[in-house]
Amino acid sequence: MNVSIFKQGKGPLYLLDPRSKVMLTLYLCVYVFLPVTFASVVGVALFSIGISLYSLGKKNTLTIWLSVLPMLIIMLIFSPLYERGGTPLWMWGTTVVLTKEGLLQSLILDFRFLSITFAWSLLFATTKMDEFMLALQAFHLPYKACLTISLVFRSIPDIFDSFNDIIDSHKLRRGTSTKVQKKVRHRLKNLGPTLTSALVVSLRSIPTLAMSLEARGYGLKTKRSQFHSLDSYRHHYLYSLVFFMIFVTLFILFQQ
Amino acid sequence: MKISKKIVNGMGTTTSALHIALIAVLTAVVVVFTLIIKIPTPTKGYLNLADLAICFIAFTFSPLTAFITGALGTGLADILSGFPQWAPISFIVHGLEGLCVACIVRRTKEQMKDGLKVPAIKIVFAMIVCMVIVTGGYYVLGATVMSIGWAAAAAGIPGNVAQAGIGVVIGYALSRSVIKAYPPVQGLL
Amino acid sequence: MESLAIENLSFTYKSWNEKKNQPLLEKLNLTVLSGEKVLILSPPEGGKTTFSRIINALIPKFIDGNLSGNIHVNDKVLTDCQPYDLVRDICYVSQNPLEMFVSTTCENEVAFPLESLGLDSHCIAATVHRVLEKWGLLSFAKASPFELSGGERKRLLLSVSSAIDPSIFVLDEAFDDLDATWRNFLAQEIKTSDKTVITLSARYLRQFEGVFDKVLLLEKGTLHQVTEAEARSLFTHKTIESYLKDSLLLHPYASRVSAYQGIRQEVRVEGLLAVRKRESIKDEQPFVMDCAHFAVKSCEVVRLIGSNGSGKSTFSRIACGLDSFDHGSIFLNGKKATDQMLQSNVGYLFQNPDYQIFLPTVYEELAWGLVNAGTYTNKEIREKVEQCTALFSLNLQETPTTMSFALRKKLQAAVYYLLERPFLILDELDGAMSYEDAYFIISELSKKGCALIIITHDDQFAQEIADATYTVHHGVLEVLDER
């Protein structure tokens, strides 16, 4: 199982401090909800897509786009429900089907959703998980929480592999009887033993993992040092401030 | 001859290594359950076994454990499957789900030893609460914070209701069969 | 100075049912001087891992049990210490590396204990580089421990212990997964080190010659000293007759098959080619499984030998219908076999028996398959299960997950014994239990007419009883010799 969502690419985003990138993402998400013009939201969305095309390339950007396309279409389909009292765009006989304001409303939702999607996707695609965790620690997330999350990433491939082997093991133990196995009832019945084994195998690993943590010194009173750090990145405060100023300026220019 | 004192299982104040290991492994279980079977739907992305895993944890472990593992597990699963924008919402919704279901079905250690049964009324109540939290949470937060609008959010309702309801029932069944098959889990609680 | 002083150590695991458990270790005494090299030999289930964990203060802290006795590690009273207090004193290299990993990259894995000790980042970086280079893992520094092979994972654990550099090393089956070069390297490291090293093993390997100051036997819960010669004779493979007194397996195939009254079946593999994409960090050629010819018949015992990563499990998974292949054919009794046919007829005893255990008692586990078949009455099921448990020396009411590893493996074999699959693949059976028990299981299954494929990396195991031996090397499966 792939526990890495980091994608190789190029551009300034890869060189930016993760702390500044997190702040940038948050500023962007807040901005698109502020009372600003439709044009500026569209602008932010298109800009994010543009950065994605440059940094991640066509294929990755298309993947992100396709993952949210169904949702965007559904949202557009519901436009007739918004702003029913506005300027009619499309009539069917005497009933107003779609108003101009309604369409605009659902379009702004679409572009907002697009901006948020690309902002978060870019954050995770351009930041290594290690560095992301260090950024969280810098934002005062306690070490215990960071260690827990890092252990989750360590455990996922292990549990995933054993899950697949457990499914196979039960499959072989059952063999295939003459009864039709495709029925949902049978499938659910077969799920029970498999899930029970899977959960037991996972639970078994807990005491040994805890043993390893303590045997490697977790729990010592001495202050933990850090092997990796974000020291190689310079001036992250400056970048965060610059991003903040950019969005404040945009707000002043495009507020409604 | 000196008799050594038995060192108590580390859930107490001496060390949190066991607690961390427990939360980490259970969170990973939630992530794997969420991602291993994906039935795509147009709205949130996919129907999955997340609620099943969270309810299993809620029936077997403490409310705090259920809260953290539900929140972190589904949040991470969203990030890893390419839907990071939903992570904060999943975090809140499923965290609350774990917390509430665990609080409702909570039994003391002694009650656990006695046949592991939970009164049917509590199960039904847990089902209703779970369905309300998951469906309502995604509906409200989806429409507002995620900005998909009230109408589109409504499209996700049937899937969420089914997932939540089935999750509670199967989570309960799994909890009983796992505790019976692996009694030492009671030492981890 | 005494590194380790143990007096009257007794330990019993907690019982999770009404039955009381037998003590695993009883009034055990041991003194190890600083800088001494000690080898402790014990058959599987003898208590090696429990003992290692006890002296690292990990049991009974993390696995419940009753411990009594006096243990001093570097003059510290063990029961007053937490495991993290002993990081610099004693380090435990586990038999199963996977369960000990805490990080997502190899370099972080080595760095973790150094961070706990508060060393500064330059010092950590230098140490990480040094130990990874020493154990040949420098190219894997940024890789996940899960991408490594069995031997590489063992070496990663050894790197971590080298980085910590405690005064006492406890190596539980550290030689097991390593290939000959690394075994020699490790033996040399132990011999020339000035630290105290306690090595535990179930087999006496030739690399052990002349390395250790004392050799001890862990038997019936206590330790007693033996000479190297005695150890060698007790812990190397004996003649087959000593394990299988008058088993049918000692007779040639012709007499075995004539004694068998059931249907004679055969699986044949011809011209098999399967291409697997590699998922490792290096851009390598895809792995190609190439098997020109393979066959196994009822009552036959066939061996499949190969080192880790050679393709044994790839082949096994194809043979039982779990995975597909690209060219060639598999025939079951002359007919081309579909995946479904293979899955119903070929059973696979996975290395980890826990993959199939899910019920609260041994009885239920054994009865489950029979109940599902729907063709037996309750009385018949009970009889069959009771007969099977007596044969395999299992306890009907015991909870499988709380049984020892060897007993769980036996249960796994017992389940398949009752399922009566005509073909069975036994993966690394000899690693999980004593030779006696392993041969017994093979004998009983063969008596029922089962065609057995034994996978092992010990080329002596089952050598005399195998009707054919195949080797797998880099995906190429060929016949080595036939009886």
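Residues numbered from 1 in each chain as written. Chains lettered and ligands numbered in written order. Predicted model: local features only at pLDDT ≥ 70, side-chain atom pairs only at ≥ 80, totals over all residues. Heavy atoms only, no water.

A. The overall build of chain A, seen in detail. Of the regular secondary structure elements, chain A holds eight helices and two strands. Counting from the amino terminus, chain A carries its helices and strands in the arrangement α-α-α-β-β-α-α-α-α-α. A globule of 256 residues ought to have a C-alpha radius of gyration of about 18 Å, yet chain A, at 25 Å, is considerably larger. Each of the three principal axes of chain A carries a C-alpha extent, and together these read 65 × 60 × 30 Å. Put simply, chain A has 256 residues, and 48% of those count as buried. Once local pairs closer than 6 in sequence are excluded, the contacts in chain A between residues at least 24 apart make up 73%. About 12900 Å² of surface is accessible on chain A, with carbon and sulfur atoms providing 68% of the total. Side-chain charges in chain A split into 27 positive and 12 negative, and the spacing between the mean points of these groups amounts to 8 Å. (Helix = DSSP H or I, 4+ residues; strand = E, 2+ residues; numbered from the N terminus. Rg over C-alpha atoms; globule rule 2.2 N^0.38 Å. Buried < 20%, exposed > 50% of the residue type's maximum accessible area, 1.4 Å probe, protein only. Contact = heavy atoms within 4.5 Å. Areas by Shrake-Rupley, 256 points an atom, 1.4 Å probe, with all protein chains shown as cover. Lys, Arg positive; Asp, Glu negative; His and termini not counted. Charge placed at Lys NZ, Arg CZ, Asp CG, Glu CD.)

B. A look at the sheet that holds strand S9 (residues 214-219) of chain C. Residue and element names in this part refer to chain C. In spatial order, the strands read S6-S7-S8-S3-S9-S10; together these six strands make up an open sheet with mixed pairing. The strands lining the two open edges of the sheet, one partner per strand, are strand S6 (90-93) and strand S10 (222-226). For this sheet, the mean inter-axis angle between neighbouring strands, taken without regard to orientation, is 20°. With four bridges joining them, S6 and strand S7 (residues 168-172) adopt parallel strand pairing. Within S7, the position partnered with Cys91 by the bridge is Phe169. Sheet strands touched by helix H6 (residues 228-235): strand S3 (37-41), S9 and S10. Its angle to S9, the strand with the most contacts, is close to 40°. (Pairing = 2+ DSSP bridges. Axes fitted to C-alpha atoms, helices over the stretch in contact; angles between N-to-C directions.)

C. Focus on the interface of chain A and chain C. Facing the 49 residues of chain A at the interface are 60 residues of chain C. Counting the surface lost from both chain A and chain C, the interface buries some 4900 Å², and carbon and sulfur atoms represent 57% of this. Summed over the three residues of chain A that lose the most area to chain C, namely Arg173(A), Arg216(A) and Phe227(A), the buried surface amounts to 20% of that side. Remark: the boundary between chain A and chain C carries seven salt bridges. As a salt-bridge pair, Arg216(A) and Glu109(C) come within 2.7 Å of each other at their nearest N and O atoms. Linking chain A to chain C there are 24 residue pairs in polar contact (both at pLDDT 80 or more). Listing elements by their share of the side of chain A that touches chain C, those giving two or more residues are helix H6 (143-174) and helix H7 (184-215) of chain A. In terms of residues, the side of chain A that touches chain C owes the most to one element, H6(A), which gives 17 residues. (Buried area = accessible area lost by both parts, 1.4 Å probe. Salt bridge = Lys/Arg side-chain N within 4 Å of Asp/Glu carboxyl O. Polar contact = N/O pair within 3.5 Å; in protein donor to acceptor, adjacent residues only side chain to side chain.)

D. Examining the interface of chain B and chain A more closely. Listed as interface residues are 49 residues of chain B and, on the opposing side, 50 residues of chain A. In total, chain B and chain A occlude about 4400 Å² of area from one another, counting both sides; carbon and sulfur atoms represent 84% of this. Per-residue buried area on chain B facing chain A is highest for Ile20(B), Leu80(B) and Tyr182(B); these three make up 13% of the total on that side. The tally of links between chain B and chain A comes to zero salt bridges. Connecting chain B to chain A are three residue pairs in polar contact (both at pLDDT 80 or more). Of the residues forming the side of chain B that touches chain A, the biggest block, 17 residues, is contributed by helix H1 (residues 17-36) of chain B. Of the residues that constitute the side of chain B that touches chain A, the class distribution is 39 nonpolar, 10 polar and no charged. (Nonpolar A, V, L, I, M, F, W, Y, C, P; charged D, E, K, R; others polar.)

E. Just the pairing of strand S20 (residues 476-482) of chain C, in detail. Residue and element names in this part refer to chain C. Bridge count between strand S12 (residues 287-297) and S20: two bridges; the pairing is parallel. Looking at S20, one finds that Cys291 is bridged to Leu477. Sheet topology note: the strand S19 (residues 468-473)/S20 ladder contains six bridges and is antiparallel. Paired with Ala468 across the strands is Glu482, a residue of S20. Turn length for the S19-S20 hairpin, with the two strands adjacent in sequence and antiparallel, is two residues, and the turn residue His474 shows positive phi of about 50°.

F. How the structure looks around a nonpolar patch on the surface. All names here are of chain A. There is a patch of nonpolar side chains on the surface, built from Leu62, Trp65 and Leu66 and spanning about 280 Å² of accessible area. Residue position: Leu66 is located in helix H3 (residues 58-77). Take Leu66: its relative accessible area is 48%, and that puts it in the partly exposed class. (Patch = residues over 30% accessible without salt bridge, like charges linked within 9 Å, V, L, I, M, F, W, Y side chains within 5 Å.)

G. Here's a closer look at the side chain of Ser48(A). Within the secondary structure layout, Ser48(A) lies in helix H2 (residues 38-56). Not counting chain neighbours up to four residues away, the residues in contact with Ser48(A) comprise Leu28(A), Ser115(A), Phe118(A) and Leu122(A).

H. Region of the structure containing unusual backbone geometry. Residue and element names in this part refer to chain C. Geometrically, the link from Ile59 to Pro60 is a cis peptide bond, its omega value of 5° lying close to zero. Of note, Lys27 is a non-glycine position whose phi angle comes to about 45°, a positive value. The residue Lys27 is located in strand S2 (residues 25-33) in this model. At Glu45, a position not held by glycine, the phi torsion is positive, near 75°. Positionally, Glu45 belongs in the loop between S3 and helix H1 (48-55). Residue classification places Glu45 among the partly exposed positions, given a relative accessible area of 37%.

I. Representation of the pattern of salt bridges in the model. Residues and elements named next belong to chain C. Across all of its chains, the model carries 29 salt bridges over all chains by this definition. A salt bridge links Arg203 to Asp458; its shortest N-O distance comes to 3.9 Å. Here Asp458 lies in the loop between strand S18 (451-456) and S19 and Arg203 lies in the loop between strand S8 (196-201) and S9, a separation of 255 residues in the sequence. We classify Asp458 as buried; its relative accessible area is 17%.

J. Geometry of the sheet that holds strand S11 (residues 266-276) of chain C. Residues and elements named next belong to chain C. What the 10 strands build is an open sheet, ordered S15-S14-S11-S12-S20-S19-S13-S18-S17-S16; its pairing is mixed. The sheet is open, and its two edges are formed by strand S15 (335-336) and strand S16 (346-349), each paired on a single side. For S11 and S12, the ladder comprises 10 bridges, and the chain directions are antiparallel. Bridged to Val267 within S12 is Val296. Along the sheet face, helix H14 (residues 435-447) touches strand S13 (301-305), strand S17 (423-427) and S18 and points at about 155° away from the line of S18.

K. Looking closely at the packing of helix H2 (residues 106-116) of chain C against helix H3 (residues 121-134) of chain C. Residues and elements named next belong to chain C. Where H2 meets H3, the axes come as close as 10 Å, and the angle between the chain directions of the two elements is 130°. By the angle class used here, H2 and H3 are oblique. Both H2 and H3 take part in a crossing whose hand is right-handed. Seen from H2, the contacting residues are Glu107, Val110, Ala111, Leu114 and Glu115; seen from H3, they are Ile124, Thr127, Val128, Val131 and Leu132. In terms of residue class, the contact of H2 with H3 is built from seven nonpolar, one polar and two charged. (Parallel < 35°, antiparallel > 145°, perpendicular 65-115°, else oblique. Left-handed = near helix turned anticlockwise from the far one by under 90°.)

So yeah, pure geometry; function would need other evidence.
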